[in-house]
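The lines below spell out each chain.
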Amino acid sequence: MLTSVFIAAVSLALFWMAAFTLWWQMHAWRTPEVLASTRFSSPDGGESLSFSLLLPARHEQAVLDHTIQRLLESSHTDFEIIVIVGHDDPETTEVARNAEARDPRVRVVVDHHEKKNKPKAMNTALPHCRGDVVGVFDAEDQVHPELLAHVDHAFRTTEADVVQGGVQLINFNSSWYSLRNCLEYFFWFRSRLHLHAQKGFIPLGGNTVFVRTKVLREADGWDPNCLAEDCDLGVRLSSVGKKVVVAYDSDMVTREETPGSLMSLMKQRTRWNQGFLQVYRKKDWKQLPSFGQRLLARYTLMTPYLQAVSGVVIPLNVAIALFLDVPVGIAFITFLPAVTALVTFVFELVGLHDFGKQYGLRVRFIHYLKLIVGGPFYQVLLAGAAVRAVWREQRGRNDWELTSHVGAHLTEVIREDVPA
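Conventions and cut-offs
- Residues numbered from 1 in each chain as written.
- Predicted model: local features only at pLDDT ≥ 70, side-chain atom pairs only at ≥ 80, totals over all residues.
- Heavy atoms only, no water.
- UniProt positions renumbered as here; feature names shortened; annotations may be inferred.
- Helix = DSSP H or I, 4+ residues; strand = E, 2+ residues; numbered from the N terminus.
- Buried < 20%, exposed > 50% of the residue type's maximum accessible area, 1.4 Å probe, protein only.
- Contact = heavy atoms within 4.5 Å.
- Areas by Shrake-Rupley, 256 points an atom, 1.4 Å probe, with all protein chains shown as cover.
- Lys, Arg positive; Asp, Glu negative; His and termini not counted.
- Charge placed at Lys NZ, Arg CZ, Asp CG, Glu CD.
- Polar contact = N/O pair within 3.5 Å; in protein donor to acceptor, adjacent residues only side chain to side chain.
- Core = buried A, V, L, I, M, F, W, Y, C linked by side-chain atoms within 4.5 Å.
- pLDDT = per-residue confidence, 0-100.
- Salt bridge = Lys/Arg side-chain N within 4 Å of Asp/Glu carboxyl O.
- Pairing = 2+ DSSP bridges.
- Right-handed = clockwise from strand over helix to strand, strands pointing away.

Per an unreviewed UniProt entry, the recorded name for the protein is Glycosyltransferase, and the organism is Streptomyces sp. R41. Here the protein is described in UniProt, under the heading Sequence similarities (unreviewed entry), as follows: "Belongs to the glycosyltransferase 2 family."

Structural data, given as structure tokens:
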């Protein structure tokens, strides 16, 4: 009896989690009206804001200059680029200094912290910002030249405090896991963030995010000890009622590359998970005004715990269901998560088709096959990263594990572009 109750409880919990995940994945596609509301509106040609674009770079000499050049091609007329480099990183500093010498819109700020991370670097640069709005980009970003004009228009027409733009991993053909990693970003920025903005609680993304400088300084910048400083900032600003607008346009998204190895992906996902746990423990989310917002925040920030538990419980639950004699009704309940997972697979196939269509990429039969076959292995990877995050958090290990970049997103698109 106790075994049956355990199996039923676990199966129902897994079913609810899978159903909720499917619900937010489908948010942007529920109606044409919702889909239309997620897009940037066309700019009217006016400009009223100036931008300070932060570009933290550490051991990024291979991709930094390309990113700076892309930002300098912006159609907006009033912006500065502040490249933040470490005092112990001469290779990246040389690239940044050369760009500074070529164009007066580029400035270099040196971070002298002994233990370096992204929030400390950006806090170092914040006093140097002259613009009305601070924007954040990563050193490998490929930024659309019209993006700042669209963001300027979004601030003016919505009176937002924060504008979150879209980010998309694009090198879906680099490895089996890059396909799923790209699709994760597609669903996150295309759909889920819009739901969070609508509900008044949003964990912001780490780049292509724009915050009014005054608001950012009032919030004392970023938490220097948080491994998900972007999520933390979003939670703190949501908690004090700041207005966040999310806008997505496949032409305007910032393009990036997936981590170059499974271990790199594991470390990146571990850092994000651990950062979410840190934000949960800070309890700023408890200041959100409504019960529904606090419930959404609790579930979102506890996702690493839930993934870690799922990673341990699912194999155990399957083994018990297969090798122990349980009543027919309990056996039926154990199939509920599988049904939801099957529906999610179907929606992911549709999403992959939409992803290829929006970005002009040739999605072949082999990619659909990889998506299905790789699904279980990718979930094991995510569960492993969640377990590792919980393990590190419990032991006070909070050092920043850097994700290296080689520029795969700069060449893969050319190779996979659909001929005109």
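Caption draft 1: Spatial organisation of the overall build of the protein. Per the secondary structure count, the protein includes 16 helices and nine strands. Each principal axis of the C-alpha atoms in the protein carries an extent, and together these give about 75 × 50 × 40 Å. Counting only residues that meet the buried cut, the protein has 55% of its 420 residues in that class. Of all intrachain contacts in the protein linking residues separated by at least 6 positions in sequence, the fraction that spans at least 24 positions is 84%. Roughly 18,500 Å² of accessible area belongs to the protein as shown, and the carbon and sulfur atoms make up 61% of that amount. Side chains of the protein give 43 positive and 45 negative charges; the mean places of these two sets differ by 6 Å.

Caption draft 2: Local environment of the environment of Gln293. Topologically, Gln293 is positioned in helix α11 (residues 291-301). Of the residues examined, Gln293 reaches a relative accessible area of 13% and is grouped as buried. With 94 residues separating them in the primary sequence, Gln293 and Lys199 have C-alpha atoms 6.7 Å apart. What Gln293 contacts, discounting residues up to four positions off in sequence, is Lys199, Gly200 and Leu288. Of the polar contacts made by the side chain of Gln293, one reaches the backbone oxygen of Lys199; its length is 3.0 Å.

Caption draft 3: Spatial organisation of the nonpolar core. Core analysis: the largest hydrophobic core is formed by 64 residues, its most contacted members being Leu54, Val211, Trp222, Leu301, Phe355 and Tyr359. Examining the composition of this core, we find that nine residues originate from one element, helix α7 (residues 176-199), more than from any other. If we ignore the near neighbours within four places in the chain, the residues touching Tyr359 are Gln168, Ile170, Phe186, Tyr248, Ser250, Val253 and Arg255. Formed by 34 residues, the second largest nonpolar core is a distinct cluster that contains Phe40, Leu55, Ala96 and Phe137.

Caption draft 4: Summary view of the confidence of the model for the protein. Summary statistics for the protein give a mean pLDDT of 88 and a share of 94% for residues scoring 70 or more. Below a pLDDT of 50 lies the segment residues 412-420, which in the model reaches 18 contacts outside its immediate sequence neighbourhood of four places, other chains included.

Caption draft 5: Region of interest: the pattern of salt bridges. Applying the stated rule across the entire model yields 19 salt bridges. Two residues, Asp232 and Arg236, come together in a salt bridge whose shortest N-O distance is 2.9 Å. Of this pair, Asp232 and Arg236 both sit in helix α9 (residues 229-239), four residues apart, which is roughly one turn of that helix. On the basis of relative accessibility, which here comes to 17%, the residue Arg236 falls in the buried class.

Caption draft 6: Molecular detail of the UniProt feature "transmembrane region" (unreviewed entry) in the protein. Cross-referencing UniProt, the feature "transmembrane region" (unreviewed entry) maps to residues 6-24, 304-324, 330-350 and 371-391 in the present numbering. Structurally, residues 6-24 comprises 100% helix and 0% strand, and the distance from its first C-alpha atom to its last is 28 Å.

Caption draft 7: Examining the pairing of strand β1 (residues 51-56) more closely. By the criterion of burial, β1 is predominantly enclosed, with six of the six residues buried. Burial along β1 is two-sided: Phe51, Leu53 and Leu55 facing one way and Ser52, Leu54 and Pro56 facing the other are all buried. Judged from the six bridges that link them, β1 and strand β2 (residues 79-86) form a sheet pairing that is parallel. Bridge assignment links Leu55 to a residue of β2, and that residue is Val83. Taking the sense of rotation as the criterion, the β-α-β connection linking β1, helix α3 (residues 64-72) and β2 turns out right-handed.

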